[in-house]
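Results of the structural survey
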Amino acid sequence: MPQLNQLMLAYASQWFWLLLVLAVIYIVIGRGMVPKIEATVEARDAQIAGDLAAAQQARTDADAADAALQAKGEAMRSDAQAITAAAKAKSTAQAAERVAKADAAIAETLAQAEAALTKARAVALASIEQVAAEAAQDIVAKVSGLSVSAAKATGAVKAVLAHG
């Protein structure tokens, strides 16, 4: 059968061309394209690793800067509290000083008022004794018709006022 003979002749030629095409594909892809792809992947991996290292370094720097800022904030806060406490103590001392001055002025005014009151009371008591003595003279004169001396009337009023 001639078809089968022809198949064997064509089959060997097809095997040759198949091997030639596969060899070309292997050379072009395996030797040309694959190393370029591997180099691109390695460069990309190196770039990613470098970016991750830079990001980690930036994170470490940011954490250090944040810690320094926190420490500075705490120092400023404690300084502010110390200034506030000093101002409060100064204000309290000034207020105490003003209160002491006001108390002294009030005490002086009170002492003067008490002295004036004592003086007024003495004057009032003296005038009350005199009025009472005159009233006692008038009452004795009207009730009994006798005349009492001013000294006796004043003595009697003083005795009554002293004993209640």
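The structure under discussion appears in the preceding block.
Another point: the overall build of the protein chain. When helices and strands are tallied, the protein chain shows two helices and zero strands. Based on the C-alpha atoms only, the size of the protein chain along its principal axes is roughly 195 × 35 × 20 Å. Residues classed as buried in the protein chain amount to 2% of the 164 residues present. Working note: accessible area of the protein chain is about 13700 Å², and carbon and sulfur atoms make up 68% of it. Each charge sign in the protein chain was given a centre, from 15 positive and 16 negative side chains, and these centres are 8 Å apart.

For the structure shown, the criterion picks out one aromatic pair. For the pair Phe 16 and Trp 17, a centre-to-centre distance of 5.3 Å together with 70° between the ring planes defines the contact as edge-to-face.

This next bit is on the pattern of salt bridges. Counted under the stated rule, the structure contains two salt bridges. As a salt-bridge pair, Lys 101 and Glu 97 come within 3.6 Å of each other at their nearest N and O atoms. Here Glu 97 and Lys 101 lie together in helix H1 (residues 2-144), a separation of four residues that amounts to about one turn. Judged by relative accessible area, which is 56%, Lys 101 ranks as exposed. Residue class for Glu 97 comes out partly exposed when judged on its relative accessible area of 45%.

So, how was this worked out
- Residues numbered from 1 in each chain as written.
- Predicted model: local features only at pLDDT ≥ 70, side-chain atom pairs only at ≥ 80, totals over all residues.
- Heavy atoms only, no water.
- Helix = DSSP H or I, 4+ residues; strand = E, 2+ residues; numbered from the N terminus.
- Buried < 20%, exposed > 50% of the residue type's maximum accessible area, 1.4 Å probe, protein only.
- Areas by Shrake-Rupley, 256 points an atom, 1.4 Å probe, with all protein chains shown as cover.
- Lys, Arg positive; Asp, Glu negative; His and termini not counted.
- Charge placed at Lys NZ, Arg CZ, Asp CG, Glu CD.
- Phe/Tyr/Trp six-rings, centres within 6.5 Å; stacked < 30°, edge-to-face > 60°.
- Salt bridge = Lys/Arg side-chain N within 4 Å of Asp/Glu carboxyl O.

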